[in-house]
Structure formats: C-alpha cells, structure tokens
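Summary of structural features
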Amino acid sequence: MKVVLVHPSLNSCGGAERVCLAFAEALLKAGHEITLATVDKIDWGLLRKVFGRERLPVEEYYLFVRLPRENAVFRGFFTVSCYLFLLFLVRCGRRFDLMIGTSGELVDSVSDIVYVNALPLRLIHRYSGIHVEKGVYWRCFSRLYDLFLRVLGRVRGARLILTNSRFNREVIRRELGLNALILYPPVNVDEFRALVYSSNREDLVVTVSRFRPGKVLEVVPRVARLVKDAKFLIVGSKSEGYEEVVEALSRIIGELGVDDRVELRIGGSRSEVLEALGRARVYLHTQPYEAFGIAVVEAMAAGCVPVVPEVGGPWSDILAERQGLYGYSYRNVEEAAREVKAIIEDRGLWEEVSRRASRRAEKFDARVFRENVACLVDLFKRIHGR
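So, a few notes on the structure that sits alongside this text. (Residues numbered from 1 in each chain as written. Predicted model: local features only at pLDDT ≥ 70, side-chain atom pairs only at ≥ 80, totals over all residues. Heavy atoms only, no water.)

Describing unusual backbone geometry
We apply this condition: Working definition: helices are DSSP H or I runs of at least four residues, strands are E runs of at least two. Numbering for both runs from the N terminus. Per-residue accessibility, obtained with a 1.4 Å probe over protein chains only, is compared with the maximum for each type, and a residue is labelled buried under 20%, exposed over 50%, and partly exposed between these values.
The phi dihedral of C13 falls on the positive side, at around 60°, and the residue is not glycine. Among the secondary structure elements, C13 is positioned in the loop between β1 (2–7) and α1 (15–29). Owing to a relative accessible area of 6%, C13 belongs among the buried residues under this scheme. Of note, Y289 is a non-glycine position whose phi angle comes to about 65°, a positive value.

Let's talk about the pattern of salt bridges
Quick note on the threshold: Each salt bridge in this description consists of a side-chain nitrogen of Lys or Arg and a carboxyl oxygen of Asp or Glu lying within 4 Å of one another.
In this structure the tally under the stated criterion is 28 salt bridges. E275 is the partner of R265 in a salt bridge, and the nearest nitrogen-oxygen pair spans 3.4 Å. A residue pair is termed long-range when its members are at least 10 positions apart, and R265 in strand β10 (residues 262–266) and E275 in helix α9 (residues 270–279) qualify at 10 residues. Exposure remark for E275: the relative accessible area of 35% places this residue in the partly exposed category. Beyond isolated ion pairs, a larger network of salt bridges with shared partners links D108, R122, R126, D146, E170, R173, R174 and E175.

Looking at the packing of helix α7 (residues 219–226) against helix α12 (residues 333–345)
As a reminder of what qualifies: Only the contacting stretch of a helix is used when fitting its axis, a line to C-alpha atoms as for every element, and angles between N-to-C directions run 0 to 180 degrees. Throughout, the term roughly parallel applies to angles under 35 degrees, roughly antiparallel to angles over 145, roughly perpendicular to angles from 65 to 115, and oblique to all others. Two helices cross in a left-handed way if the nearer one is turned anticlockwise from the farther one by less than a right angle. They cross in a right-handed way if the turn is clockwise. Contacts: residue pairs with any heavy atoms within 4.5 Å of one another. Ten residues, namely Ala, Val, Leu, Ile, Met, Phe, Trp, Tyr, Cys and Pro, are considered nonpolar, four, namely Asp, Glu, Lys and Arg, are considered charged, and the remaining ones, Gly among them, are considered polar.
It is the contact of α7 with α12, at a shortest axis distance of 9 Å, that shows an interaxial angle of 60°. On the basis of the axis angle, α7 is oblique to α12. Of the two elements, α7 crosses α12, and the hand of that crossing is right-handed. Counted together, R222, V223 and L226 of α7 and V333, E334, A336, A337 and V340 of α12 form the full contact between these two elements. A per-class count over the contact of α7 with α12 returns six nonpolar, no polar and two charged.

If you want it as structure tokens, here you go:
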C-alpha cells in the first residue's frame, strides 16, 4: 500500500518529528511504500546528529528547499499556512492509498488518519497558561484559525484521530467534540536503560529541551536559586530564534546569582544528552500543558526521578497522577524546588523512586508503538477497502 505522511518540517527536531519518523519506520517494516511530504526539504544530516537516525528509504516531496529566516513569528505563520496548502496539494494529487497527517495539532482534518501531538493551535487562545512568543499575535491567529477549521471540518473530516495522551484526548473531546484514540509516542527505552546502573551519579538536575519560546526554561534558574546543593544543566538542540531565548535565560541566571550552578549546553548531540542523563539524579520538566513529553520517559528509563508540571501529559499519563510513585508534580517554582531538594538530599528515596520510574518507562517502548501503528493501518485498510 502507498502511504503518504504529511508533516510541516522534520528539521524542527522535536517530539512530533520523532513520531513522524517512527510512523515511517513502522510502516516501512510492515511492507508499505512511504512518501514523506514536508514544507521544507529534510536535512538528514541534522536528524542524524540530533536523533541518531539514518536516512530512511522513502520518497520525498517538499515545497521549499528551506524555510525563510525572518523572525520566528512570521516563520510560524508561514509554516502553518504552507502546511495547510501542502495537505490540500497532496490530497488533490491522490497518488496514494492512505494519507496520514502527523501534525494534527495544526490541522485536524483533510487526512485519512490524523495524529495530534500537542494541544491544538486553534485552542491556545483558551488557555492562558500556555507560553508562546508574541502570545498576543498567536492568540488572535488562534481565534481566526479556529473559525476557519470549523468550516473546513464540515467539508472534509479525518476518519480517524489519534493522540498521544489521556490529557490531550480529554482536551480534544471537551473543546472540539471529537473522539480520539490514544497512541502513546515511541520511546527508544533500550538506548537509555543501560544508564540506570551508572556509577557517575551526581547531585545534578537535568532538563532536556529545545531552546525555543514556550518551553518556560526560566523555571530552571528559579528552582536553582532555592536548591543550593545541586547543579543544574539545560541541554538541547537549537531552534530558529534560539539566540533570544539563550540571551533571556543568561540574563535571568545572572540576576539570580546562580551562574556558578546553572549551565546551558546549546546544540547538544544525542551522546551529550545520554551522558548528562547518566550523571543526573533528577529530571526537571518545565513546560506546562505539554501533551506527552518523550524526554521525560527517556530520563526515567535512564534512572532519573522526574519532577513535572501538574498540568499536562507528563503528570496525567507518564506518572499516572501518583505523587511519589514514579516521580513528582509541582504547581509553582517553590513546590518544584521542594521536590528536587528532597530527592537530592535523600539517597534512599532517589534509589527507590528511580527504580520504579525506570520500570514504568518500559510501558512506552517504541516496539509497542510500531506494533500498534501496523495494526491500526491494517484495520483501517480492511474497514475502508483500501
């Protein structure tokens, strides 16, 4: 069967991009012919550096060699608009048996199967706790975009909607009146499991994140100000406009007087992430309203105890809303600091929760994802006679 996977840009190197690539790998393994359709050309060298993934044997289709390098807000609007155009272009071409949109948070219709990775763009104006660069512009755009997608949904709706957490499923049901099936994203647990027995553990708190607006990374230095017996490390890849994020973070670090204990490792490779998680005792997640959080599971698999915001998939799905069993949640900086400090100071507590967290991570192993994708596509094919 010929399957086309449509995604805005794989060069963003985030969780949604991992999911798209995992869809491609699962379907290739099941014997399907795959086309990856993107707004800009795939940079396989970049994906190899960040994800450790080699080029896949797929056909590629793209609109531009590269995205414009103007300010991040313009680029965001441009990408969303072009992604919508790309979806219609692929749909009208109809040189495939099945169309899968792997960025359903941008467009939840048009494709046969849609995977929603995050809280939908059309809804962000309803959630004041979501942090985005130039939030006033994006919230206005969100309102207008919601109206447009409501009209579009009446014309052509997705036959099957998938999402990555109970948290996001409830948002989609409550806000959009749509039903979605949960398909947890893939995590390469084996890559991190060997780190559980690392003898290099330090009183280190790690955050793995792209340096981009909306990640609320300023939480890290604010927690560091209250936890004086630990070092903090933010490691991750660059995104367009990362300079402004790094500049703002560096300023806050200096103002709080924690520059001797908070390190930024920008453009960190996969090996650097692994090395950091092998040394850390705590993983501090900073983004509220995140639908899932692959990095949280990776850290758990590596033996780190996660501390996550109380609103979002990391708490509802990964930690199963059970405080102290697989990790801890927080509602503000003070609570985050209290939990981090307790883990750092009590070695026995860290060992106990770390052990449970590592076992919990296996629930989200990539093998489960691949099996479920193959089954869902096969079922869809039989039901719709593809």
